[in-house]
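Close look at the chain arrangement
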Amino acid sequence: MKLLRSEAIVLRRIDYGEADRIVTLYARDAGLIKGFAAHARGSRRRFGASLEPFARITLHWQPARGDGLARLREAELQDLRPDLRAELDTLTLAAYGCEVLEALFGDGEPHADVFDVLEAYLAALPAGTAQERAAFKLLFELRLLRAAGYLPHLLHCAECGETATPSQVAFCAERGGRLCPSCAGNDFRLRLSPLTLGTLARCLNVPADRFTGFRFGSLTLSEGAAVLGDALRVHLPHALRSQAFVDRFLENATPREYDKNRL
């Protein structure tokens, strides 16, 4: 079977048996790969530290067989990203980003733009302040939702197309996103400023791999987190293991505004 070569980022891995590992990666040219790395825990020559989560590697592999797992033959480490493990916040946000990406893009189709967004997100996290990291998370979610085709309506009512800007609008991901007061009726579980939705929409006009240079206030961060959290909740196939840790981070990063129970 032909040996393939791909640039990839390790999303997660688990030990299997006495010496093997099962690894989940996202490759620029192949999408999501779940692979079996025989004797990986004892092979410094073939793998070394390259199968650690968040590492960017050059992977030599063969496509999946009957068991659904690709065969990982060798990996060359390009960037281990040790700074992501230096703080609990960066470790939490990096793991969350990998988990969201795996859940949204588990179809095995390649999306080079999604690879680039993940690469830029992981690179930005170590240098940011708490509020900047909350903004990085917001931008990452927004860009993945757009890439997956799940971006909600932000600038007009999802049901009637109304673009007027009252002081507050409703948001409901199940109904397509923003709702004007008339269409929302009693469905005002999430009330927010239309300015927040306008800010999110404008963020889509910059290159998708740019994470620095944005300045969001606490209100934008908290309302944006609620909006994108609602959209992800509708489209993700299961609850995220890392969600509780991310909620705790957001409570500390934007303590005056963030309320995970506002939905």
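Residues numbered from 1 in each chain as written. Predicted model: local features only at pLDDT ≥ 70, side-chain atom pairs only at ≥ 80, totals over all residues. Heavy atoms only, no water.

**Section: the sheet that holds strand S6 (residues 169-172)**
Reading across from one edge, S7-S6-S8 is the order of the 3 strands in this open sheet, with antiparallel pairing throughout. Of all strands in the sheet, those bounded by a partner on one side alone are strand S7 (177-179) and strand S8 (191-192). With 2 bridges joining them, S6 and S8 adopt antiparallel strand pairing. Across the sheet, Val-169 pairs through a bridge with Leu-192, a residue of S8. (Pairing = 2+ DSSP bridges. Helix = DSSP H or I, 4+ residues; strand = E, 2+ residues; numbered from the N terminus.)

**Quick look at the sheet that holds strand S1 (residues 4-16)**
Taken in spatial order, the 5 strands close into a barrel running S1-S2-S3-S5-S4, and their pairing is mixed. Shown here is a sheet whose adjacent strand axes are inclined to one another by a mean of 50°, direction ignored. Relative to strand S2 (residues 20-27), S1 runs antiparallel, the two sharing 8 bridges. If you follow Val-10 over to S2, its bridge partner there is Leu-25. Across the sheet, helix H2 (residues 112-124) is in contact with S1, S2 and strand S4 (56-62); its angle to S1 comes to roughly 60°. (Axes fitted to C-alpha atoms, helices over the stretch in contact; angles between N-to-C directions. Contact = heavy atoms within 4.5 Å.)

**Remarks on the pattern of salt bridges**
All told, the structure shown has 17 salt bridges when counted by the stated rule. The residue Arg-233 makes a salt bridge to Glu-174 at a minimum N-O spacing of 3.2 Å. You can see Arg-233 sitting in helix H6 (residues 218-235) and its partner Glu-174 sitting in the loop between S6 and S7, a full 59 residues away along the chain. Look at Glu-174 and you get partly exposed, because its relative accessible area is 45%. Here the salt bridges do not stand alone but share partners, grouping Glu-7, Arg-28, Arg-56, Arg-81, Asp-116 and Glu-119 into one network. (Salt bridge = Lys/Arg side-chain N within 4 Å of Asp/Glu carboxyl O. Buried < 20%, exposed > 50% of the residue type's maximum accessible area, 1.4 Å probe, protein only.)

**Comments concerning the confidence of the model for the chain**
With 96% of its residues at a pLDDT of 70 or more, the chain has an overall mean of 92. The secondary structure element of the chain with the lowest average pLDDT is helix H4 (residues 181-184), at 91, and the one with the highest is H2, at 98. Contacts of residues 257-263 to residues separated by more than four positions or lying in other chains number 19 contacts, the stretch itself having pLDDT below 50. (pLDDT = per-residue confidence, 0-100.)

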